[in-house]
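# Summary of structural features
Okay, here's what each chain looks like letter by letter:
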Amino acid sequence: MFEESILVEKSLPLNGEVNLSGAKNAVLVIMTSLLLTSGKSILRNIPASEDVFCMIELLQKLGVEVNFDIINKTLYADTSHINNFKIDSTIMKRMRASVLALGPLLARFGYASLAMPGGCSIGTRPINFHLTNFKKMGVEFSQDGEYLVGKVNKLNAKKLILEYPSVGATENIVMAATLTMGKTTIINAALEPEVLDLIDILKKMGANISILAPATIEIEGVQTLSPVDHFVMCDRLEAGSLLLAAAISGGDIYIPNAQANYLDVFLLKLEDMGHTIITQENIPGIRLIATNKPQAVSFKTMPYPGFPTDLQAPMMAALALAEGVSEIEETVYENRFLHAAELNKMGANIQINGTKALVTGVKELNGMSVNATDIRASCALVIAGLVASGQTTIKNIHHFKRGYDELDKKLNSVGAKVTVNNYPSIPHVVSSYGQKEI
Ligand code: EPZ
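Residues numbered from 1 in each chain as written. Predicted model: local features only at pLDDT ≥ 70, side-chain atom pairs only at ≥ 80, totals over all residues. Heavy atoms only, no water.

## So, the domain arrangement of the protein chain
Domain boundaries in the protein chain define domain 1 (5-21 + 234-421) and domain 2 (24-219). The C-alpha centroid of domain 2 is placed 30 Å from the C-alpha centroid of domain 1. With 24 residues of domain 1 in contact, the opposing surface of domain 2 contributes 22 residues. Carbon and sulfur atoms make up 49% of the surface buried where domain 1 meets domain 2, a total of about 1,900 Å² over both sides. Sorting the residues of domain 1 by area buried against domain 2 places Tyr304, Arg402 and Asp405 first, and these three jointly supply 29% of that buried surface. (Domains from an automatic or database assignment. Contact = heavy atoms within 4.5 Å. Buried area = accessible area lost by both parts, 1.4 Å probe.)

Written out as structure tokens, the structure reads:
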């Protein structure tokens, strides 16, 4: 039986210009934020990744009318006729970000039910910060079979303290608070760029939100929020991956729509490796000119603006060939080093000790058959395959398709040889106007 796989040939240095797609970790939460409004909204710069199709299915099951013009990367949604408040369990299991529908449904309808999200390979990924704070806002939860049911007559504005700056919990609480009368304050909030893009669209809808130092978000509730037309931010994680692909292959790449201020610590580490990073103050665009003698660097993953955990795996691939020993500490997830074993199959020299990885640079990597274990691991293996001798075959490619919109084609446009051998994982009907209706 034909098995989906990604084939990566040893490539020449990647050179040229390539543009980013919209950010997966902004678009998913922005799609759920539309549930706060009643009417027709337009979202632009939407990546055609599997997670986006999954979120479209989730919204449609709630009664939202959704059309995705895949050619123009534009999504049309009408939230006038929401008639279901149960987040489908199969979708919940496929995509953890489904939990982000909870806040909007509770705020607008006072009712929501969802199957508990499973963990994944990188960690148990509980949602206790979400539930604890919704309870403080007055939500009562009960168990109905595999579903957790949340009910509330009127959400109460509260001062809420996050023990950890959870991105999802911050986003869920902010969305719920936009329609909660009074002032809700979130202390120790996550302020990732994707969270700021969500706050941007909520303000366009009419929400009253302020961001205060240190890491505090204040939301003054309003009666209703209006439909919007919003251009989603570009994917800084895709930017980081493309830069690392150029770095590992000794290339020279320019990404016109990449925002350097979203990647400061990451770019600092690339410069510490010896690569040249060219940017212009307050103007989008990042150019990387690779060094041919990359040096080892050490870092730990942190909430923004620290080194992003979602670039840890691709960075590890680049450090596998750097001179010296790099120490990587993963502080966000308890099990996000599964890609190390796969890189070692290719000849890397990586030792794992709890939340730390020691990467001793080697001279070369060898093409091998390897397995992707999560979205960012799949990207790391593609990057390693670009410089490994021979051909690298990567299995479990649904991770790659979940997280990126044709990243393979972007890499090939600057000289890579990446082939995604697959058939559509979700049968799509492409309408006569190029629109993809699920
Ligand atoms: C978002 O996940 C991203 N996903 C993740 O990207 C990203 O790694 C993460 O933020 C951190 O930046 C989307 O935006 C769709 P968290 P989220 O809540 O919101 C623990 C990718 O590859 N935690 O900040 O789930 C949790 O287990 C994905 O694109 C609790 O303990 O991240 C983790 O260890 C992977 N209880 C840490 O906090 C909770 O209630 C950070 O989680 C919530 C989280």
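Still more ground to cover, so stick around.
## Here we look at the sheet that holds strand β8 (residues 140-144)
Sheet strands pair by backbone hydrogen bonding; their relative direction is either parallel or antiparallel. Pairing in this open sheet of four strands is mixed, and the strands run β6-β7-β9-β8 from one edge to the other. Each edge of the open sheet carries a strand with a single partner, namely β6 (86-87) and β8. As defined by bridge partners, strand β7 (residues 111-115) adjoins strand β9 (residues 147-151) across five bridges and the pair is classed as antiparallel. In the sheet register, serine 113 faces β9, and the bridge partner there is valine 149. Against the sheet, helix α4 (residues 102-109) makes contact with β6, β7 and β9, and its axis sits at roughly 155° relative to β7, the strand it touches most. (Pairing = 2+ DSSP bridges. Helix = DSSP H or I, 4+ residues; strand = E, 2+ residues; numbered from the N terminus. Axes fitted to C-alpha atoms, helices over the stretch in contact; angles between N-to-C directions.)

## Let's talk about the nonpolar core
The biggest cluster of nonpolar side chains holds 82 residues, and the ones touching the most others in it are Met31, Phe68, Leu75, Leu202 and Ile217. When residues in this core are grouped by element, the largest group, seven residues, is from helix α2 (residues 50-61). Dropping the residues within four chain positions of it, methionine 31 is found in contact with Leu43, Val52, Met55, Ile56, Leu59 and Leu75. Of all hydrophobic cores here, the second largest spans 73 residues; its members include Leu244, Ala247, Ala348 and Ile375. (Core = buried A, V, L, I, M, F, W, Y, C linked by side-chain atoms within 4.5 Å. Buried < 20%, exposed > 50% of the residue type's maximum accessible area, 1.4 Å probe, protein only.)

## As for the sheet that holds strand β21 (residues 356-360)
Read from one edge to the other, the open sheet built from four strands follows the order β18-β19-β21-β20, with strand pairing classed as mixed. The open sheet terminates on both sides in strands that have one partner only, identified here as β18 (299-300) and β20 (349-353). Here β18 pairs with strand β19 (residues 325-329) via two bridges, running parallel. Its bridge partner being in β19, phenylalanine 299 is matched across the sheet by isoleucine 328.

## What to know about the site of the ligand
Around the ligand there are 20 residues in total, and Arg96, Asn128, Ser166, Val332 and Arg376 lie nearest to it. Between the ligand and the protein, one listed contact pairs an oxygen atom with a side-chain N or O atom of serine 166 at 2.7 Å. Measuring from an oxygen atom of the ligand, one finds a side-chain N or O atom of aspartate 310 at 2.8 Å. When isolated, the ligand has an accessible area of 820 Å², and the protein chains bury 89% of it. (Near = heavy atom within 4 Å. Polar contact = N/O pair within 3.5 Å; in protein donor to acceptor, adjacent residues only side chain to side chain. Areas by Shrake-Rupley, 256 points an atom, 1.4 Å probe, with all protein chains shown as cover.)

## Let's talk about the confidence of the model for the protein chain
Low-confidence regions, as indicated by low pLDDT, have predicted coordinates that should not be scrutinised in detail. Across the protein chain, the average pLDDT comes to 94, with 95% of residues at 70 or higher. Under a pLDDT of 50 for its full length, residues 423-438 has, in the predicted model, 35 contacts with residues more than four places off or in other chains. (pLDDT = per-residue confidence, 0-100.)

## Observations concerning the pairing of strand β15 (residues 252-255)
Where burial is concerned, the two faces of β15 differ: the one with Ile253 and Ile255 is buried and the one with Asp252 and Tyr254 is not. Pairing of strand β2 (residues 15-17) with β15, which is carried by three bridges, proceeds in the parallel orientation. The partner of glycine 16 across the bridge, within β15, is isoleucine 253.

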